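Chain by chain, the residues:
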Amino acid sequence: MPTSKILPYDVIIVGAGINGCCSAYTLAQAGLNVALIDQDGIAAGGSGAAGAFISPKISKAGELKEIMSQAHAEALEFYTTHFPQFTLTKPLLHIANSPQEADKLEHFKRETTLQHSKIDDELKSLLTSEASVDSYIYFTEGAVVDAQGVCEAMVQEIDFYPLKVEKLIHSDGVWQVGELRAKHIILSIGAYPKLLPIDYVGLRGIWGHRIDIITSTHIPCILHHHVSISPTSKEGIVAIGATHDVHYSPFTDEPYDREQGRVQLLEKASKTLKLNNINIINDYTGLRSGSNDYLPMLGSLVNAEATLLKYPHLKHGERVDPSEYTYYPNLTMINGSGGYGFVLAPYLAKRLKEFIVEGRAIDPILSPSRFFPRWAKRQS
Ligand SMILES: Cc1cc2nc3c(=O)[nH]c(=O)nc-3n(C[C@H](O)[C@H](O)[C@H](O)COP(=O)(O)OP(=O)(O)OC[C@H]3O[C@@H](n4cnc5c(N)ncnc54)[C@H](O)[C@@H]3O)c2cc1C
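Just so we're clear, the structure is a prediction, and the values are computed from it rather than from any experiment.

Chemist: Kindly report on the site of the ligand, identifying the contributing residues and their values.
Modeler: Taken together, 38 residues form the shell around the ligand, and within it Asp 38, Ser 47, Phe 53, Gly 338 and Phe 342 come nearest. A distance of 3.3 Å separates a nitrogen atom of the ligand from a polar atom in the backbone of Gly 51. Interatomic distance of 3.1 Å between a backbone N/O atom of Gly 341 and an oxygen atom of the ligand. Across the complex, the protein chains shield 96% of the 1,000 Å² of accessible surface that the ligand would expose by itself.

So, in structure tokens, the structure goes:
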């Protein structure tokens, strides 16, 4: 922990997952003096567990699709340019795992501008009969990053403080966290307990598990089916992962059944292809945090109490322009990336930098305040 430079920073970032690390990197590149805090270390939460595929989201036309395609293009460019040593590029085979997904996938296939082709016989011969008959899309260009490695590389020049933040104080125009001071604060704490009374922000944590294995089966591409199976940037290591447990929460006393998780991952992987001589060498678990409308969140946070005092009729459904709400000053949340944290992080960090450094407005569609009016109406 740096000791010589307690005061003051331009920005304090709470949470060193991919969102916190990528924001720290991008803001520091823009010349800001950044302090990064995490209770458990770098990429210790959902980010460390991620398969970290830079995959397009298979979705139908709409705002979500537009944001995700832009984010996907920016992420491919970002990781391959700045962190090539942690990025493996491979073709990506996405196989639909349900009739509903097949429908979405066929629709996506007709509209996408991303290059894709038919799979060749060699790849076909690896797949199970279930995987071969299903609807698929085979992208020429996919990528997977080393989750831990890339997060650590992003913040190697940043002052890191291993602290659990209990309280945020804003006084005389400055945010205080323990002994640290900064004008701006960024909250990138994923699905962990909120540090402010912001019940209107609907976030759902879903538990995931990834295993790194060694197998004698050669896997020529990234595969998404019932689980993700992929070679990694670490020679000889194959990752199998999924956020597949919607019931488990690490915030209860109940322990996670790791053995059961391993069995489930391998069972699901076996529906796609046969993996021979498997040796599991590591497990990674964590929560990913998704928003209720699947769009990520980037923006200022409404101070609910102050806003309801100012506009009590919000409780009766009166419409108030969001620019009139009271916001926590110089505080920005970055969260809600769901299963696409690594895809979205460069896109969100870039817009965060434009907002803080250049004063450019963030697209209101990303604002966490989008959930506020509906919540306020329920408070009557
Ligand atoms: C198994 C699995 C597979 C995934 N696969 C992919 C994938 O292939 N591609 C992809 O793009 N995404 C994937 N994801 C999703 C991705 O991991 C998440 O979207 C991403 O990790 C979210 O990052 P984050 O920085 O917002 O949150 P997190 O990584 O959860 O980071 C939050 C951090 O905040 C810290 N923190 C919280 N509260 C405090 C506090 N009070 N004081 C100090 N520190 C605090 C925590 O310790 C934690 O380190 C996957 C997720 C999982 C679990």
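Chemist: Report on empty space enclosed by the protein, specifying residues and quantitative values.
Modeler: Enumeration according to the criterion identifies one cavity of 30 Å³ or more in this entry. Of the volumes computed, that of the largest cavity is approximately 130 Å³. Around the largest cavity sit 13 residues that line it, and Val 145, Asp 146, Ala 147, Arg 210 and Thr 232 are the ones nearest its centre. Going through the elements one at a time, strand 5 (136–145) and strand 10 (203–214) are the ones with two or more residues in the lining of the largest cavity.

Chemist: Any chance you could break down the nonpolar core for me, citing the residues and the numbers?
Modeler: Soluble globular proteins tend to bury their nonpolar side chains together. In terms of nonpolar packing, the biggest core is built from 52 residues, with Ile 18, Tyr 79, Val 150, Met 154 and Phe 342 touching the most fellow members. Of all elements in the fold, only strand 1 (9–14), helix 1 (18–29), strand 2 (34–37), helix 3 (63–82), strand 5, helix 7 (147–154) and helix 10 (341–358) reach the threshold of two or more residues within this core. A per-element tally of this core places helix 10 first, with nine residues. Other than its neighbours up to four places away in sequence, Phe 342 contacts Ile 18, Ser 47, Ala 50, Ala 52, Ile 54, Ala 75, Tyr 79, Val 145, Ala 147, Val 150 and Cys 151.

Chemist: Tell me about the layout of surface pockets, and name the residues and values.
Modeler: Each pocket or cavity is described by its volume, and for the second largest pocket that value is around 400 Å³. If you trace the second largest pocket, you find 22 residues lining it, with Pro 322, Tyr 327, Pro 364, Ser 367 and Ser 369 closest to the centre. Mapped by element, the contributors of at least two residues to the lining of the second largest pocket are strand 15 (297–302) and helix 11 (372–377). No other element matches the three residues that strand 15 contributes to the lining of the second largest pocket.

Chemist: Any chance you could break down the pairing of strand 3 (residues 87–95) for me, citing the residues and the numbers?
Modeler: The pairing of strand 3 with strand 5 spans eight bridges and is classified as antiparallel. Residue pairing in the sheet places Leu 88 in a bridge with Val 144 of strand 5.

The rules we used
Residues numbered from 1 in each chain as written. Predicted model: local features only at pLDDT ≥ 70, side-chain atom pairs only at ≥ 80, totals over all residues. Heavy atoms only, no water. Near = heavy atom within 4 Å. Polar contact = N/O pair within 3.5 Å; in protein donor to acceptor, adjacent residues only side chain to side chain. Areas by Shrake-Rupley, 256 points an atom, 1.4 Å probe, with all protein chains shown as cover. 1 Å grid on protein atoms, 1.4 Å probe; cavity = no way out; pocket = protein on both sides within 12 Å on 5 of 7 lines; lining within 4 Å. Points joined across faces, edges and corners; volume = space filled by probe spheres on them. Helix = DSSP H or I, 4+ residues; strand = E, 2+ residues; numbered from the N terminus. Core = buried A, V, L, I, M, F, W, Y, C linked by side-chain atoms within 4.5 Å. Buried < 20%, exposed > 50% of the residue type's maximum accessible area, 1.4 Å probe, protein only. Contact = heavy atoms within 4.5 Å. Pairing = 2+ DSSP bridges.

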